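As a plain string of letters, each chain reads:
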Amino acid sequence: MMYILHLSSAKTWRGGEQQIAYLIEELQLLEIQQSVFCVENGAFAAWCQQESVECKTYRKRASFDPKIAKQISKLVREQQITHLHAHDSHAHTYAFLASVLFRLKVPIIVSRRVDFPVSNSLLSRWKYNHSSIKKIICISHHIQRILQPAINDHRKLTVVHSGIRAERFPDAHQNILRKSYQIPQEKKIIANIAALADHKDYPTFVRTAAILLDQRKDIHFFIIGGDAGVESNIHRMIAEKQLEDYITLTGYQKEVASIFPELDLLLFTSKEEGLGTTVLDAFACGVAVVATAAGGIPEMITHRATGSLAPIGRADQLAEEVIFLLEQEEERKRIIKNAKNKLSEFSSKKMADAVLEVYRELYSKH
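S.K.: How do you make sense of the sheet that holds strand 13 (residues 308–310) when you look at a structure like this?
M.R.: Sheet strands line up and pair through hydrogen bonds in the backbone, either parallel or antiparallel. Read across the open sheet, the six strands follow the order 10-9-8-11-12-13; overall the sheet is parallel. Across the chains shown, the open sheet's two edge strands, defined by having one partner strand only, are strand 10 (247–251) and strand 13. The sheet shows a mean angle of 20° between the axes of neighbouring strands, direction not considered. Relative to strand 10, strand 9 (residues 219–224) runs parallel, the two sharing four bridges. Within strand 10, the position partnered with I224 by the bridge is G251. Of the strands in this sheet, strand 9 and strand 10 are in contact with helix 9 (residues 231–240), which crosses strand 10 at around 160°.

Shown next, in the form of structure tokens:
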């Protein structure tokens, strides 16, 4: 019988953690035995406790920690684990160390969610090409192409798009943003929902907002996400452009699923993006999307068919696409309908079924 141990090193909850949660939930429905090894007092440990998912925790001290590798080795032997699934880079390192230092024989599966090349360091090259790493699941074809130069055996690489559960999102608007921030009904709400990290390129979001506000004042912009290092810079830029009355930073919002249907448009301005499941969330809620053509985003959005695309960093073109979607109502309705139909390719069930095929393939060979 297969027994999967999911490894996570994240302390906070972002898109990657939501994907692990979707995977675990779908595998539970298929009665696949699994447990989680994650950071002590982290967001994922809290989720496991809330959802009654079997979970062990560790104290994260560093990205390279043989003590954590030893704990993994012990869990594998005690619980007769058949597969190690590392869901981020540090988890990958811990699994790799467990294999090298403690001679684990179980296959390791690595999920790769970020769209930058593998480092040229000896450790990075070693840990990606080590014989214990049997499969690397790329969440987009874009990531697969980026990884290929660093991977000696391309058969290790496979693409499984991230997926969402559309029924997670309520149909009705709850007016959370309008009530909390006193936004009049006549104003459109345009938001980006993403961590305040450099690769999300919020300066382009702010520049796009400034261009749009020069043309019309019936828009309020929201930046919804926890700080990942750039919040002070965003505040400074908003102040410099005197846009404090038009752009609101909400910080991290736990109930983002309830907020999404309230948006008139998602403005997604990333300069790097493995896939960008926030776009799928918008599709599920009937929210039109204007996004940069970064990373795996074009694998979800076909320009003016399921959303609108603009080049990375081009605030002028992003603003042009926003105006198009706000002013062309029939076109917006057509695009939203197409986007909802596109979701069938990106369900959490389809994602989990594909991952399970990877597990089964390795189990038959082990």
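S.K.: Can you help me understand the environment of I24 in this one?
M.R.: Checked against the element boundaries, I24 lands in helix 1 (residues 15–29). C-alpha separation for the pair I24 and Q34, spaced 10 residues apart in sequence, amounts to 7.8 Å. Those residues within four positions of I24 in sequence are excluded, and the remaining contacts are H6, Q34, V36, F44, W47 and V53.

S.K.: Teacher, can you tell me more about the nonpolar core here?
M.R.: Inside soluble globular proteins, nonpolar side chains tend to come together where they are buried. I72, L84 and F260 are the most contacted members of the largest nonpolar core, which has 119 residues in total. When near neighbours in sequence (up to four residues on either side) are disregarded, I72 contacts L7, F37, L84, Y94, A95, A98 and L104. Of all hydrophobic cores here, the second largest spans 11 residues; its members include W13, I20, W47 and C48.

S.K.: I tried to follow unusual backbone geometry on my own but got confused; where do I start?
M.R.: Residue Q80 is not a glycine yet carries a positive backbone phi of 55°. Note that Q80 resides in the loop between helix 3 (66–79) and strand 4 (83–86). What makes Q80 exposed here is its relative accessible area of 64%. With a phi angle near 50°, D201 is a residue other than glycine that sits in the positive phi range. Since its relative accessible area comes to 10%, D201 is described here as buried.

S.K.: When you look at the pairing of strand 8 (residues 188–193) in this model, what are you seeing that I'm missing?
M.R.: Walk down a regular strand and you will see the side chains alternate between the two sheet faces. Of all the six residues making up strand 8, five are buried; the element is thus mostly covered by neighbouring parts of the structure. Bridge analysis of strand 8 against strand 9 gives six bridges, and the strand direction is parallel. Among the inter-strand pairings, I189 is bridged to a residue of strand 9, identified as H220. Assessed by its sense of winding, the connection that carries the chain from strand 8 through helix 8 (residues 202–215) to strand 9 is right-handed.

S.K.: Looking at this structure, how should I read the sheet that holds strand 3 (residues 55–58)?
M.R.: Read across the sheet, seven strands follow the order 3-2-1-4-5-6-7 without closing on themselves; strand pairing throughout is parallel. The outermost strands of the open sheet, each flanked by one partner alone, are strand 3 and strand 7 (157–159). Strand-to-strand twist in this sheet, taken as the mean axis angle between neighbours without regard to direction, amounts to 25°. Sheet topology places strand 1 (residues 3–7) next to strand 4; four bridges connect them, and they run parallel. Note on strand 4: the bridge partner recorded for L7 is A86. Each of strand 1, strand 3, strand 4, strand 5 (108–112) and strand 6 (133–138) touches helix 4 (residues 89–102); the most contacted strand, strand 5, lies at about 160° to it.

S.K.: Help me out: how do you make sense of the environment of H83 in this one?
M.R.: Structurally, H83 can be placed in strand 4. Linking H83 and Y3, residues 80 residues apart in sequence, is a C-alpha distance of 6.4 Å. Residues within four places of H83 in sequence aside, it is in contact with M2, Y3, I4, L5, P107, I109, Y359, L362 and Y363.

About the thresholds
- Residues numbered from 1 in each chain as written.
- Predicted model: local features only at pLDDT ≥ 70, side-chain atom pairs only at ≥ 80, totals over all residues.
- Heavy atoms only, no water.
- Pairing = 2+ DSSP bridges.
- Helix = DSSP H or I, 4+ residues; strand = E, 2+ residues; numbered from the N terminus.
- Axes fitted to C-alpha atoms, helices over the stretch in contact; angles between N-to-C directions.
- Contact = heavy atoms within 4.5 Å.
- Core = buried A, V, L, I, M, F, W, Y, C linked by side-chain atoms within 4.5 Å.
- Buried < 20%, exposed > 50% of the residue type's maximum accessible area, 1.4 Å probe, protein only.
- Right-handed = clockwise from strand over helix to strand, strands pointing away.

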